[in-house]
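For reference, the chains in residue letters:
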Amino acid sequence: MNKAFRWLFPHPSLTLILTVVWTLLQNDISAGMVVFGLILGIIIPVLTSAWWPDRPRGFRLGKMLIYISIVMWDIIVANMQVAWIVLTVPNSKLRPAWVVVPLDIRQPEAISVLAGTITLTPGTVSSDLSNAGHSLLVHTLHTDDPDAVREEIKNRYEARLKEIFV
Amino acid sequence: IIAYARSYLSRDDNMGEFFKYLLLFQGAMVGIVMSDNILLLLIFWELTSLSSFLLIGYWKHLPEGRQGARMALTVTGMGGLAMVGGMLILGQIAGSYDLSVILQNRDLIQESPLYVPALILILLGCFTKSAQFPFHFWLPHAMAAPTPVSAYLHSATMVKAGIFLMARLWPVLSGTTEWFVIVTTAGLITMVLGSVIALFKHDLKALLAFSTVSHLGLITMLLGTGTAFGAMAAVFHILNHATFKAALFMSAGIIDHEAHTRDIRRLGGLRSLMPITFGIATLAALSMAGIPLLNGFLSKEMMLEEANHTVLFNTPWLVPALAVIGSLFSAAYCFRLISHVFLGPVRDDYPAKPHDPPAGLWLPPALLVVLVVLIGVAPFLAEPFVKLVTGSLLGTAADVPKNYFKIWHGLVPALYMSVAAVVGGALLLMAYKPALRLWDAAPRPEAKVLFEGLVEALVRLAKSIIHPLHNGAFSRYGAVMAVTVIAAGYHAWVTGTVGDATRQLQMASPVAIAGWLMLIAATVGMVFLHRNRLLSLILIGIVGLMVSIGFVFVSAPDLAMTQITVEVVTIILMLLALNFLPNQTPVESTVLRRMRDVGIAAAGGLAAFVMAYHYMLRDAVTAPISEFHLANSYKGGGGTNVVNVILVDFRGFDTYGEIIVLGIAALLIYALTETLLSSNVRAKLLNRKPDQPRAGNEHPMMMVVLTRVMMPVVMMVGFYIFLRGHNEPGGGFIAGLIVSIGVVMQYMASGFNWASARLRYPYHGVIGAGVLIAGLTGIGSWFVSKPFLTSDFTYVRIPPFQEFELATAAAFDLGVFLAVVGAVMLSLESFSRLARRDNVEENKHAFDIDPSRDDPPNGVSPKTEGAS
Amino acid sequence: MTLATLLTYLSAILLVIGAVFTLVGAIGLVKLPDGMTRLHAPTKVGTVGVGAMLLASVVNSYANGEGSLHELLIMAFLFVTAPISANFMAKVHIHRRACDEPPAPLRDDTWSTYDTPKEDLEHVDTTV
Amino acid sequence: MIHWIIAPVVMPALVAPFIVLAARYHIGIQRVLSLAGVVALIAVAAGLAWQASDGTVTLYQLGDWAAPFGIVIVGDALSTMMVLLTSVLALFALLYAIGSGWDARGRHFHALFQFQLMGICGAFLTGDLFNLFVFFEVLLIASYGLMIHSGGNVRLRAGVQYVLFNLLGSTLFLFALGAIYAETGTLNMADLAQRATLISEEATVGLRIAAVLLLLVFAIKAAIVPLHFWLPSSYAEAPAPVAALFAIMTKVGAYAIIRVYTMIFPPDLEATSGLFGIWLLPAALISLALGMVGVLAARKLDRLIAFSVIGSMGMVMVSTALFTPVGIAAALYYTIHSTLAAATLFLISDLVRTGRGSLRLKPMPPIAGASLTAGMFFAAAIAMTGLPPLSGFIGKLLILDAGFSSPLAVWVWATILISSLISVVGFARAGSIVFWKARSVAPEEGGEPPAAPTPLSYLAVGGLLALLVAYTVFAGKAHGYMTMISKQLFAPDAYISTVLDTPGKLSKPKTEEK
Amino acid sequence: MMMPDDIMGWALVIAFVVTALGQIMAMVRLVIGPSTGDRILALDTMVINAIALVVLLGISQGSRIYFEVSLIIAMLGFVSTVAYARFVLRGDIIE
Amino acid sequence: MEFLIASAIGMLTAAGLYLVLRLRTFPVILGISLLTYAVNVFLFTSGRITIGAPPILRDGVSTYTDPLPQALVLTAIVISFGMTAVVVMIALGAYLGSNDDHVDDQTHEPDEPKTEEPS
Ligand code: NA
Ligand code: NA
């Protein structure tokens, strides 16, 4: 039973995503569409599962949603800041800096999400990963205190991700 | 002759080949004589040149053989072509290619303005074939051929073909001043020249050949006079010459065969050694010299007689004088032949011990000599035959002269002249040594050398024209083509009439202008920055993007999608290729050249602009056929996306061809890759060093993680686009590209090896299946007795889904989809297979850096040593 | 003041917001001093700008009665791909030495981009 | 519903993918399938030609859509004859490819070969200009594949130029098609023929541009000077059997010119009068001269033959450019002849290459199987240079005869006669160097004697020669047929009405509507 | 009631003009470079703005036909950006 | 509008031609791509320009742009894509073999022995 399930849903979350995508594509939420989307959501992962051999470990959807909303908010706020910087701060006064973020999270998905978050929250771009994946290189557009940036990243995002990807 | 040849040829020669050619030649000759249609006659005419080429060249290993053959072919070939021209003109005048008809139309032809060109062309043909001055040079060089050939060819037949044709056309062509002047002059000169040269030739065959030339001149001259008597004399001499000359050639052959030399200076005194040959040769030679009681005498008398009445360039003495000189020299070389070869003391330094040959060799010439004597003694025997031939020759043009053939005409001037000739000949021979010295001292052109020089010069000229022109300079080819097209287009434009515009200009929105600006900027950028290849790729990306947006703007969403997807795949291909190519394009062409190119480019651009602008402001001459498509797309094609319905239904056949093009492209790329990888290129590729140090981290984690979610979504989008293509923008082709790009995304993220090791698609199969499905869908309609690719559709409803359409066009579109996926993937696969290097081990994991995988806490990963 | 009108106003506002952000992104791209800083403006400000416009489209569709959400899909795509693009471009800057040298990583010995394969270093010097 | 007329396109288009799908790794099966396909093609083509021989025009509406809205295949005497010629030529090219083992020297030879056939047949049969473009592309891309088959630097470098040049040609073709559609709003040839007459003489440039661009496109295919530069290297470097098949490709251009400029833009059409009269015939004459001079100049046998192809295309075009019934008839007669002759010569050149190891026109040691090869060479050369007794001579006479009426008659005659003399000299020179001088050169030590060609190779060449002989023997019949065809071409009403007056799905012909 | 449409119209004009302006500025950056990274960035920006343009077009025409176009541009623009970057980083973009 | 499009076609053609006349395969191929763009747009304009009327049948809509040229251009795009891929591959093969990406084949005399094809 469990094996059958695993075979049928190699990546349940992916199936979910695909179903949603399908309904969005079709742009109508009728039963037929959802069912059809579900079918596709099952078939496609099975077809491509060979390219996703190692199944991700546990993953808390609820916390993820909270996280996403937080990030959304940050994005909106921070965008305005950056817009302000871009428009007002002259290049001479601009203080870009590298920030090195040591990573406690280990899971590729987690690290990727973190990096993505960092990049999407303006003012910071996650630029590179150390060659064993234990620290993240972040570039900040304009800051006087890199350590503060690092701390914010670790506390505001990484901590949460640690709880999401257990 | 054939009998003679068998016993003559030595064993090691390839008899079969030889006789093949010889019979071919004979057939041709017979053909010339027989054919009544001049086209047929032309065929046989050319055939003689051809077969003689093969015959003469029969002894391939002798360079003289080859050159002689080629010279003969060239000269007579040229004549032949002139002949073709002349004959066709004749036919055009007469309105028929029937010789009998043509012969009826003497006046019509001679009054036509085309008479002179026709005459000249035909005479050109005859003169070259019969080795008349100034084309007398090729014949003697055809001497390398084995004796029977030259005997047959040169004494008897081929060269007489020209004479024959002159004779055949005599009724229509002769009688005009042009004919008289050209033919008689050429004949006379040839006769004299030939005999003079013959006298001083040491090679037996050369001597005989030139004597033939001279006799042909004689005959030509007779024909040239244009009188019936002249014609009869000509016919008679043809007969006589055939007999004694053939006999002489064979004797020469015998001597060559026995004494292993043909050089007169090394011969002499053969009288006692080979008496039979001596007898034969002497009689024949005397006949040729015009000694009474032999047939040569009779026709020569007639010739001199005729010459007496012939006035050329209003100088009565000219023709007779030349005639006498001619026959004088001819007598001289005949005597020389007898005395220097047979008389005199027996020598002991012959290359071989000469003695009379077996009867198989001497009998044929002997028979001929019998004829010589017979006719010489009793001319009346030949008379009926000759008069018959003459009659058929003259046709309606003139009556056969009454004169009887007899030995004694009384003391006519002709007799004095021939006596003078014979005596003079004898005297000249006595003074041979000083004369020879004189001759050797006299400068004269060597025909063979001239000819070879001429041909080589021709070849050099040809090379100097052809090779610089076709030296593989594509940039020039392109320029020429562009200029040609522009010029032709310009010509079409200026010779036509420009109608008024029938459409209103539309306002351009600021956005359109902005897009235009960017397109122009990117395009100009391409020109100025094209040396940086990566940059030019980025720029062409912009061009593609702008064109796509433009398509959206002018209501072509399908095009926009196709353009953008194709764009991406193309750029991926180009990047894959650029990986092997230099990244920079050096400056090579001169400023002048670039100016030239700018000029051409500007002209071409202007032309394109004018065309586009012209058409856009005018409506088509009547309603375009697409109105039908719009009207019937839904009714007949079952789709609301008219573009897609056109693609899969109205013009599905185009699409069928289109996917086949794609399939072929992929097969080609695959095949070439295979070829390259099985050639020496492979080694080069394997230990290729990247032209710059590469960054670390081949397969970045973030990319891979994203792809795992992204790729399935892309697949789904592709499926979605495919499904709705028939009614909304989209369709099999775009879907195919999207899906392949999804897979490429996977390849880019985790690497080719890893991805294809996990999931290998048989791309060949996919292509084949695609094309087959498309084709079979088309064939399917046969079973309902409809033409290929006839579509049908219906609407079905399976709960819980709402009603959806099932169309055969969808199956066709599926074929398209598969073909596209297969083609794109096979091509990309082939490209990236080239990049496999042996020093890279296949990556075990989807991405290189994964702390959750290899994690000695704050340890050092295996990769780290040796890093910068 | 019907709901439709409200939504129309809303989408108009969203459009303008989007426009502003797009413009800022572009300005940043032109104005900012070096490669890494330039990276900040468009990859995200621009993204948000387009995001706003997409939202506007959604809102507008509801204003016009036929509701459609599929623009959200495009947004999703943009938001997940933007970081990857940015990351790659940053790597390009780092690899091409088009930015000042970043400090060494804390736990590991070098950044992955600097982790050039050995065989490449044998024949060429790394300064490009 | 009779589907035979579509078979020449569909059959190869099914055989090829099947080979790719099923027999990818088995050369043996590929050969069988490919041969079977070609033989079947010959049978079908023969049937179609016979059917069309009495002047019937067969129409096939793809997708059941009536012209001009859908694409139609039209089989008339001309198109079916060309298809037959193609299939027959293909058989011998294929036999040679198999006999000489060329097909095994790279991947996908047979698939590409079949696709090439599909493209050529389609080009001959289609009645739609854009569809013609598509088939041009099919036959071109297949020809790229065949041309570079088995690789090698020289071949690839020549291939690059060949492809690039033709890409320019395709681009030009699209420009022409755009112009055509913009001006007339249709793509169907028959419909075009009707709409072209609607053009008022106040606004002719649109049509004129379109017509001339189209002509140039076809002129590129027909390798008319100065658009011929793509030909020498690509034909010379292509594998012999491929080059032999290519002999038909130039004829596609000639065919298209004959078709389009007798039916759509006939000589008496006001709008396009005086469009190319002044330059087409001279260009053709120059092609003829240049080709034959090239024969004299060539340093390698294969290039020599390639140039002779240009020359023979010049002959065809000279006769075509007269645009008189007699001229077209002569052109058609010569087309078939020159196709066979060129193909034969290319195959023979490969016999020489096989036996001699090189095609350089330098004296070299005697070649394996010399006498037979030599005999074949001289026969083929006789045909190509237009010496009797073979068909070339007859063709030459016909063209001279046709040219008599032209205002440029003197030039036509002079060029044809002189250039054929030059070609005679050139071929004689080459032949005597390759086959005769060989006797005077001693084989160098060590180098093992090259292998003699296989019997099958000789069979292929012999077959072609036999065809040439037959074509000569039945010259009268053949020319009669050509005359019939050219009559049909100059009276295209039957064609046009068949195409346009046949109802299709959801449509009645205009004539009935009104 | 005319007002909202006018406002919408104005908003659209502003959006169009500004996005077009954005495109041109990106083009400027692409031409002046200086580094390849900048140019790739410029291209990426232009792609995103292109999506904006298409969306705006859809709004202004009240048509949904252009959705797929923008969707595809969004999906694939990313691929080409990555491809360019990978080429600079590794030379071989599929390894 | 028409002027913009026509001039764009002209510009693309000119740039394309200029690049086609360059000496290395890479720019030549890019030039051909530009020409392809030019001709595709030209072919498209043969249906004239209509803004905001995509040929997707809708109830109550009567004006559509001419769909046929769109279909033709689509075919043309696909075909020229295949062609581009092929020419890139062949050019690459030629370069790998001879280490020379000149489009002109003048590095050797066409008839010299070294061009002999071992086959
Ligand atoms: Na490179
Ligand atoms: Na093209």
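Residues numbered from 1 in each chain as written. Chains lettered and ligands numbered in written order. Predicted model: local features only at pLDDT ≥ 70, side-chain atom pairs only at ≥ 80, totals over all residues. Heavy atoms only, no water.

Q: Explain the overall build of chain C to me, and be specific about the residues and the numbers.
A: Helix and strand counts for chain C come out as 4 helices and 0 strands. Scaling as 2.2 N^0.38, a compact globule of 128 residues should have a C-alpha radius of gyration of about 14 Å, whereas chain C reaches 21 Å, well beyond that. In terms of overall dimensions, chain C has a C-alpha envelope of 70 × 30 × 25 Å along the principal axes. Burial status across chain C gives 65% buried among its 128 residues. For chain C, the share of sequence-separated contacts (at least 6 apart) that also reach a separation of at least 24 residues comes to 54%. Only carbon and sulfur atoms are counted for the fraction: they give 66% of the accessible area of chain C, which is about 4200 Å². (Helix = DSSP H or I, 4+ residues; strand = E, 2+ residues; numbered from the N terminus. Rg over C-alpha atoms; globule rule 2.2 N^0.38 Å. Buried < 20%, exposed > 50% of the residue type's maximum accessible area, 1.4 Å probe, protein only. Contact = heavy atoms within 4.5 Å. Areas by Shrake-Rupley, 256 points an atom, 1.4 Å probe, with all protein chains shown as cover.)

Q: Tell me about the nonpolar core, and name the residues and values.
A: Judged by nonpolar contacts, the single largest core of 660 residues is most densely connected at B:F653, D:F218 and D:Y261. Examining the composition of this core, we find that 22 residues originate from one element, helix α3 (residues 67-98) of chain F, more than from any other. Dropping the residues within four chain positions of it, D:F218 is found in contact with D:L132, D:F136, D:F173, D:G253, D:A256, D:I257, D:V260 and D:Y261. In this structure, B:I255, B:I280, B:A289 and B:F342 belong to the second largest nonpolar core, which totals 55 residues. (Core = buried A, V, L, I, M, F, W, Y, C linked by side-chain atoms within 4.5 Å.)

Q: Can you lay out the interface of chain D and chain F for me, pointing to particular residues and giving the numbers?
A: The partner chain F presents 45 residues to the 41 residues of chain D that form the contact. Interface area, chain D with chain F, both sides summed: about 3900 Å², of which 70% is carbon and sulfur. Note that F:D100 is salt-bridged to D:R157, the shortest N-O span being 3.3 Å. At the junction of chain D and chain F, the tally comes to 8 residue pairs in polar contact (both at pLDDT 80 or more). Elements that contribute at least two residues to the side of chain D that touches chain F include exactly α5 (129-147) and α6 (153-184) of chain D. Element by element, the count of residues in the side of chain D that touches chain F is highest for α6(D), at 21 residues. (Buried area = accessible area lost by both parts, 1.4 Å probe. Salt bridge = Lys/Arg side-chain N within 4 Å of Asp/Glu carboxyl O. Polar contact = N/O pair within 3.5 Å; in protein donor to acceptor, adjacent residues only side chain to side chain.)

Q: Please set out a negative patch on the surface residue by residue, giving values where relevant.
A: All names here are of chain D. Side chains of E201, E202, D268 and E270 sit close together on the surface and give a patch of like negative charge. Note on placement: E202 falls in the loop between α7 (189-196) and α8 (205-221). Overall, the relative accessible area of 51% leaves E202 in the exposed class. (Patch = residues over 30% accessible without salt bridge, like charges linked within 9 Å, V, L, I, M, F, W, Y side chains within 5 Å. Lys, Arg positive; Asp, Glu negative; His and termini not counted. Charge placed at Lys NZ, Arg CZ, Asp CG, Glu CD.)

Q: Could you give an account of the interface of chain B and chain D, with specific residues and numbers?
A: Each partner contributes residues to the interface: chain B has 107 residues there, and chain D has 121 residues. Of the roughly 10100 Å² buried at the junction of chain B and chain D (both faces included), carbon and sulfur atoms supply 76%. There are 4 salt bridges connecting chain B and chain D. Measuring nitrogen to oxygen at the nearest pair gives 3.2 Å for the salt bridge that ties B:K786 to D:D64.

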